[in-house]
Protein chains: 6
Amino acid sequence: MEKTKILWINPINVDAYDQPMGEFIDTIRLPGTEVEVISFRGSIPLNNLEYRTFEAMTVADTVHAARYADEQGFDAAVIGCFYDPALEDAREISGKTVVIAPCQASVQLASNLANNFSVIIGQEKWRAQMSERIHAYGYGSRLASMRSIDIPVPDLQKDCEYTAEKIIDAGRLAIQEDKAESLILGCTCTFGLFETVQKELNVPVIDPIVAAFKSAEFMGSLKKQFQWYPSRKWTSAAPPEELIQSFGLFKNPPSIGNRYLLKEAL
Amino acid sequence: MEKTKILWINPINVDAYDQPMGEFIDTIRLPGTEVEVISFRGSIPLNNLEYRTFEAMTVADTVHAARYADEQGFDAAVIGCFYDPALEDAREISGKTVVIAPCQASVQLASNLANNFSVIIGQEKWRAQMSERIHAYGYGSRLASMRSIDIPVPDLQKDCEYTAEKIIDAGRLAIQEDKAESLILGCTCTFGLFETVQKELNVPVIDPIVAAFKSAEFMGSLKKQFQWYPSRKWTSAAPPEELIQSFGLFKNPPSIGNRYLLKEAL
Amino acid sequence: MEKTKILWINPINVDAYDQPMGEFIDTIRLPGTEVEVISFRGSIPLNNLEYRTFEAMTVADTVHAARYADEQGFDAAVIGCFYDPALEDAREISGKTVVIAPCQASVQLASNLANNFSVIIGQEKWRAQMSERIHAYGYGSRLASMRSIDIPVPDLQKDCEYTAEKIIDAGRLAIQEDKAESLILGCTCTFGLFETVQKELNVPVIDPIVAAFKSAEFMGSLKKQFQWYPSRKWTSAAPPEELIQSFGLFKNPPSIGNRYLLKEAL
Amino acid sequence: MEKTKILWINPINVDAYDQPMGEFIDTIRLPGTEVEVISFRGSIPLNNLEYRTFEAMTVADTVHAARYADEQGFDAAVIGCFYDPALEDAREISGKTVVIAPCQASVQLASNLANNFSVIIGQEKWRAQMSERIHAYGYGSRLASMRSIDIPVPDLQKDCEYTAEKIIDAGRLAIQEDKAESLILGCTCTFGLFETVQKELNVPVIDPIVAAFKSAEFMGSLKKQFQWYPSRKWTSAAPPEELIQSFGLFKNPPSIGNRYLLKEAL
Amino acid sequence: MEKTKILWINPINVDAYDQPMGEFIDTIRLPGTEVEVISFRGSIPLNNLEYRTFEAMTVADTVHAARYADEQGFDAAVIGCFYDPALEDAREISGKTVVIAPCQASVQLASNLANNFSVIIGQEKWRAQMSERIHAYGYGSRLASMRSIDIPVPDLQKDCEYTAEKIIDAGRLAIQEDKAESLILGCTCTFGLFETVQKELNVPVIDPIVAAFKSAEFMGSLKKQFQWYPSRKWTSAAPPEELIQSFGLFKNPPSIGNRYLLKEAL
Amino acid sequence: MEKTKILWINPINVDAYDQPMGEFIDTIRLPGTEVEVISFRGSIPLNNLEYRTFEAMTVADTVHAARYADEQGFDAAVIGCFYDPALEDAREISGKTVVIAPCQASVQLASNLANNFSVIIGQEKWRAQMSERIHAYGYGSRLASMRSIDIPVPDLQKDCEYTAEKIIDAGRLAIQEDKAESLILGCTCTFGLFETVQKELNVPVIDPIVAAFKSAEFMGSLKKQFQWYPSRKWTSAAPPEELIQSFGLFKNPPSIGNRYLLKEAL
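Residues numbered from 1 in each chain as written. Chains lettered and ligands numbered in written order. Predicted model: local features only at pLDDT ≥ 70, side-chain atom pairs only at ≥ 80, totals over all residues. Heavy atoms only, no water.

As annotated in an unreviewed UniProt entry, chain A carries the name Allantoin racemase and comes from Pseudoteredinibacter isoporae. Its UniProt record gives chain A the following Sequence similarities (unreviewed entry) comment, quoted word for word: "Belongs to the HyuE racemase family." (UniProt positions renumbered as here; feature names shortened; annotations may be inferred.)

Asks: Honestly, the domain arrangement of chain A in this entry has me stumped. Any pointers?
Replies: Accessible area lost when the parts come together is the quantity often used to give the size of an interface. Residues and elements named next belong to chain A. Split into domains, chain A comes out as domain 1 (4–101 + 210–262) and domain 2 (103–207). When each unit is reduced to the centre of its C-alpha atoms, the spacing between domain 1 and domain 2 is 23 Å. The interface is formed by 24 residues belonging to domain 1 together with 28 residues belonging to domain 2. Contact between domain 1 and domain 2 buries roughly 2300 Å² in total, counting both sides, with carbon and sulfur atoms accounting for 58%. Looking only at domain 1, the three residues that lose the most surface to domain 2 are Glu50, Phe82 and Tyr83, adding up to 36% of its buried area. Along the contact surface separating domain 1 from domain 2 lie two salt bridges. Between Glu132 and Arg52 there is a salt bridge; the shortest N-O distance is 3.7 Å. At the surface where domain 1 touches domain 2, the tally comes to 16 residue pairs in polar contact (both at pLDDT 80 or more). Only α1 (18–26), α2 (52–56), α4 (87–93) and α9 (208–226) provide two or more residues apiece to the side of domain 1 that touches domain 2. Sorting elements by how many residues they give to the side of domain 1 that touches domain 2 places α9 first, with four residues. (Domains from an automatic or database assignment. Contact = heavy atoms within 4.5 Å. Buried area = accessible area lost by both parts, 1.4 Å probe. Salt bridge = Lys/Arg side-chain N within 4 Å of Asp/Glu carboxyl O. Polar contact = N/O pair within 3.5 Å; in protein donor to acceptor, adjacent residues only side chain to side chain. Helix = DSSP H or I, 4+ residues; strand = E, 2+ residues; numbered from the N terminus.)

Asks: So what exactly am I meant to see when it comes to the sheet that holds strand β3 (residues 76–79) of chain B here?
Replies: To summarise the sheet geometry, strands pair through backbone hydrogen bonds and adopt either a parallel or an antiparallel arrangement. All names here are of chain B. Across the sheet, five strands lie side by side as β4-β3-β1-β2-β9; this open sheet has mixed pairing. The sheet is open, and its two borders are formed by β4 (98–100) and β9 (258–262), each paired with just one other strand. Across the sheet, the mean angle from the axis of one strand to that of its neighbour is 20°, orientation sign disregarded. Here strand β1 (residues 5–10) pairs with strand β2 (residues 34–39) via six bridges, running parallel. (Pairing = 2+ DSSP bridges. Axes fitted to C-alpha atoms, helices over the stretch in contact; angles between N-to-C directions.)

Asks: Got a minute to help me understand the relation of the copies chain A and chain F in this structure?
Replies: One copy of the chain maps onto the other through a rotation about an axis plus a displacement along that axis. Rotating chain A by 180° about the axis while translating it 0.0 Å along that axis superimposes it on chain F, leaving an RMSD of 0.0 Å. Each copy turns onto its partner about a two-fold axis. For chain A, the minimum C-alpha distance to the rotation axis belongs to Gly138 of chain A and amounts to 2.0 Å. Of all interface residues in chain A, 100% are interface residues in chain F too; the two copies therefore contact each other through one and the same surface. (Least-squares fit on C-alpha atoms with pLDDT ≥ 70 in both.)

Asks: Just to check I follow, could you spell out the pattern of salt bridges for this structure?
Replies: Oppositely charged side chains may form a pair once their charged atoms are brought near each other. Inspection of every chain in the model, using the stated rule, returns 84 salt bridges over all chains. Of the charged contacts in the structure, one is a salt bridge between Lys224 of chain F and Asp75 of chain F, with a shortest N-O distance of 2.8 Å. Of this pair, Lys224 of chain F sits in helix α9 (residues 208–226) while Asp75 of chain F is found in the loop between α3 (59–71) and β3 (76–79), placing the two residues 149 residues apart along the sequence. Close ionic contact of Arg133 of chain F with Glu88 of chain F constitutes a salt bridge, the shortest N to O distance being 2.8 Å. Note that Arg133 of chain F is positioned in helix α6 (residues 127–136) and Glu88 of chain F in helix α4 (residues 87–93), a separation of 45 residues in sequence. Classification of Glu88 of chain F by relative accessible area gives partly exposed; the value is 24%. Several salt bridges share partner residues, and in doing so they unite Arg67, Glu71 and Glu241 of chain A into one network. (Buried < 20%, exposed > 50% of the residue type's maximum accessible area, 1.4 Å probe, protein only.)

Asks: What's the story with the relation of the copies chain C and chain D in this structure? I'm lost.
Replies: Superposing chain C onto chain D takes a rotation of 180° plus a shift of 0.0 Å along the axis, which leaves an RMSD of 0.0 Å. Counting the interface residues of chain C, we find that 100% of their copies in chain D are interface residues as well, pointing to one common contact surface.

Asks: Got a minute to help me understand the sheet that holds strand β3 (residues 76–79) of chain E in this structure?
Replies: Residues and elements named next belong to chain E. Strand order in this open sheet of five strands is β4-β3-β1-β2-β9, and the pairing throughout is mixed. Lying at the two open borders of the sheet, with one neighbouring strand each, are β4 (98–100) and β9 (258–262). With direction set aside, neighbouring strand axes in the sheet form an average angle of 20°. Bridge analysis of strand β2 (residues 34–39) against β9 gives five bridges, and the strand direction is antiparallel. By the bridge assignment, Ser39 is partnered in β9 with Asn258. Its contacts with the sheet place helix α1 (residues 18–26) against β1 (5–10), β2 and β9, and it is angled at close to 15° to β9.

Structure (structure tokens):
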């Protein structure tokens, strides 16, 4: 069987996370999975999506990246932010590429491991949007609580020990007070911490990067094996190609500012 | 009392609708309401948002327009498309400007006039996204049905008589088969037709342009009178101004390709 | 354009609130809006609707008042109690008059200003009925909490400073503990206090009298301008006029015990 | 054990149904159950509640009847209309009397006999209000459909054979098209027909009079045996007696226009 | 009228509860109701269903008991555990016997007595399954809270005074903190305690044994009187008898390890 | 990395499907995945679970098989029936083994490929139980419809061409009439047909065996790689081992009537 090819999109305009995430993904990919990690080349140095305003600045680039994923023959693409920004838009234009996002992937996995989950969030700000996502995916009744650790995104990786400590504190409260049976880390910037938390708290702790990447690898392999491509019927239909051409929608190259490649087998 | 100032955003990259919509709005505004109709200057000649892919191309510009609305002291801004694209994003950054969108405005009005409504849509494609919007706004149980007239957006205004006929046919079926008690026209491009349909079918027929514009005028006047500005608490918080500055988020002028002004009183 | 005519119904049998509310409404109406404030002439001196039992005593009179509103050519009528008592009944018989009620008007306005709201109630007793209303209107998922100030209706206006203090305390808790982003005052007897609370707490504070009156004025003007009359189709149908006549349903004059008029322009 | 005492309220102003319903109830009561069937003495000859407007005219009388039920020591009272009009109001003031209504009783019984049910209604008009009731009671997901037989209330008992035929036709469609597994007759005026329909269609057919009366008899006996009186806590609290007195709320005798008594054992 | 015959199934493999429950039921049955209390003869001495694993061991026996109930002409059968284990399965095969279970019976009764209820559970473990049941029955919005007394099933009857005390404490918190207006005791092993709790807390306290037994007696009598047998249509259909025979599904006698009979009248 | 070990449980008492399913699974497993397909040795020759009654007969054996899976070190176990029978029970006792079932696996996969799905069922009988499952999993709003092909389970594989034809007909109607964008085959006995249907109808067609097996393989590998074992906290807790021992719950060998092994690599 051919190799599965995954595009990991960091939907921000700086390359700071590309290599560390790529290196982390390198430790979890299947032998034979090829990965390309990209970030955008947007004109402003956006380094997080904590606000909808920031997210809005990247939506067009994410859509273009989904188009690029299809053109380059990627089996699956991941939008690397727990808000799952532009997921439905990217899915519309992704052709034969399956598009996966961390929040949806995490709740699907967690529901196979526990009757409910709490989400650890960085700030109260995140609550409404993530809660809406989880309800829209159908998992609202399994959401035991959201607990904030009160650390903005750019600081999450500044002092990992401190962050881990705060996550453990919030997670413990989620378990004890809110009767959570599993935890989801609600930010893709906390990668690498889930195992510490899991050992400490003794419930499954879902890292959204792991969840999203492994789900993409999985859906990508199913796509190859069973021709399970995204539906293009009714509301899943893509714009007609003539219209795309007439608008010159993708005449410019996609907004890729940086590439980090994982090609050779482990 | 000062004049109410409204920004009407046509979230597309052509100016074709600006004047006709402006002229239509001119016939429905209160004396003393000032209106600025704008469309974007995007590099591709996008003339409709029928697909999520197209919509995604305009999200950043809509957000920038919402910022502009606040800076220019508009009391309210309208996103002129029935998908209500980027509504939550625009609301985050709009400062003291109230942001209104046609779908939400229409269902709120209709619920004061009838126990349920059907939405007339252009194509099956629209169903999922609009239905999700209506459910998210809390009006899912009042949605009697969606009925498609099978005409793509760019053709809706080509032959208004034909469009009106199709709307009347679909509306009649909605009333007879789906027990609809009122109708909402699910596209901002059908303006001017609601009165014909209303006379023919004898139920309230909500034109989303009218609904959105008049709601914006209304919310804008309430804002002035009672200081009912958008909340900036918790999940409604805007990004910190320092961060906006450091990213240079709005250092460029907003993406305005065309302006149509209604200044003087009727 | 003709003047908009509004009927404000205080659905109680004493006239104590008519003048103060009328005077308050006088400060918020548009120039040219004519208002008639009425209360009922019921045989028992009912001065509040805090219990369903009391409310039940007024339902027939409210329905008759809605009929009267139509006969007198009012554009809109308001049922002046936050329980929205007899709203659906009044809407059935109101002919061309749009009927508005404070709770529905308040949640519709609040949803344009914040992602959620808390309702400040006078007593625990109110919780179930108001909560049911809010859920029925489709806004259950936006209801952050209800917080009681433990003051019965007749005492709410006894010591306004004390009431305001209690509202501010409850509102602060709603914001801090329940993550409320806006507040709705759950009683029409607290009019005049919202601005104090709003200044203190720095989130939008919706006064239900303001919300209901301004919404009625708005819907009334839309009715005139666009012939947006209440639907009379299917479940919105009124009883056949023959039946009304044969029963002599409205042969007696409506139950109006007091009238307070606002005619001349501001 | 003492006899169970039931008050059956026909919430209309004519006595036409009192004797036939009483005679029907006589055939289904337990030995030892005492029954008083009443109708109101309202000034207008209201003989049906097909419209909310009509219903509103009777709400105060129903509440007064619930008070009367408690004062006279009735164990349970039934509001004899499938809209369950004023049920919550009557429950508030009924003291130690349990208040039962046909729609709620019917859906509770039906759910013990089948996975879903359809409701046969007289006219399309009834759909919204009954559907709201059923959803509010928590049985919305079991409602397979509502099917109208297009006969107004006053005609339902004019030609019972014709009515039965129409019910059988509608019921058969409900079973075949809507996959109904049981039927509820959505009007208390169709009593006596359920057995014919049941034999013909071979699914359980719930007569709402039977359901309501037998449920009242049941709850009434439980009340006696286990002191299961209505809760008077929080939102179930009744108005304070002092307030009732000071308003003179029940100083007049209840609005009873006719009485039909079933005292002696079968 | 013939006597109503009830089968009470204790779905465990020990007979410890049969006589005490039978004696308790003897104090609450109607004159003329015949009761057979059974437990199973399973090879392992299962004495509680606190875990799904235990419950699973009894499902086949419960189904067989439902078949037996029909064959022996029981009018109704009760599955005596508040998880309502195998209720849907038993209902499928029970022929003309109505099958009742404590949780569903309790929430139906409670909803006639109060606007909401809290359930007192033995351990946190029970929360998910009971909560799912209550939501599935349509009563999720009336569930004020579940409060655990932290006592495993086998200890509930060890020191009844201690258990009652803990129930009263939990119930008081449910009323004060969670605004409960009635209580349901979430275990069939606490029978006999509800009256103490009810007197102490002054809200209706539903004992699930009483609720289930009396509901079965009620539904059983309705079945006789009105031929209200369980539906056998569509999803309520039983397996074809030929298939049952060909599998030899019920060729062995039912798994009855003990019988306690109540035959003669009180 | 060690090999992933999967237990596939055919929860019936005949071995007829073991080899064909095993051979089919052999064509889709990853190199290195070991599979054991089992069926039960129950005393009655149950060959399908079309009725709840039949399903009930197998629940204890499925639970025992889940225990066996844990004892034998299987990474994941699959319950091979689209009703997902005894899923929650098996998950409770499965220790470190992840338990997967076809319906849940199918809806999770489908939701990554299309905005909605229809389920093709064998008979109307299946509708309620499967619909409840899908709603409980949170995917009710994505269920476009269920369409029956009117073939009982034992006949599904009798004439595969006929079955495929009927599936294609039902699927086409689901797409055309119900606006389905993907299909799920609602029975594990139709394996092998999905590719034919998919080619014909040009939307993703999910085979529940493929979905369940591949999901189990996936979750099993995640378990190994990230220690994502099932939660054992709160409602996910297993019974205490002492209790299991004292009951002798698993003292007998599991009910395995037949084994089909896939050990060597592809």
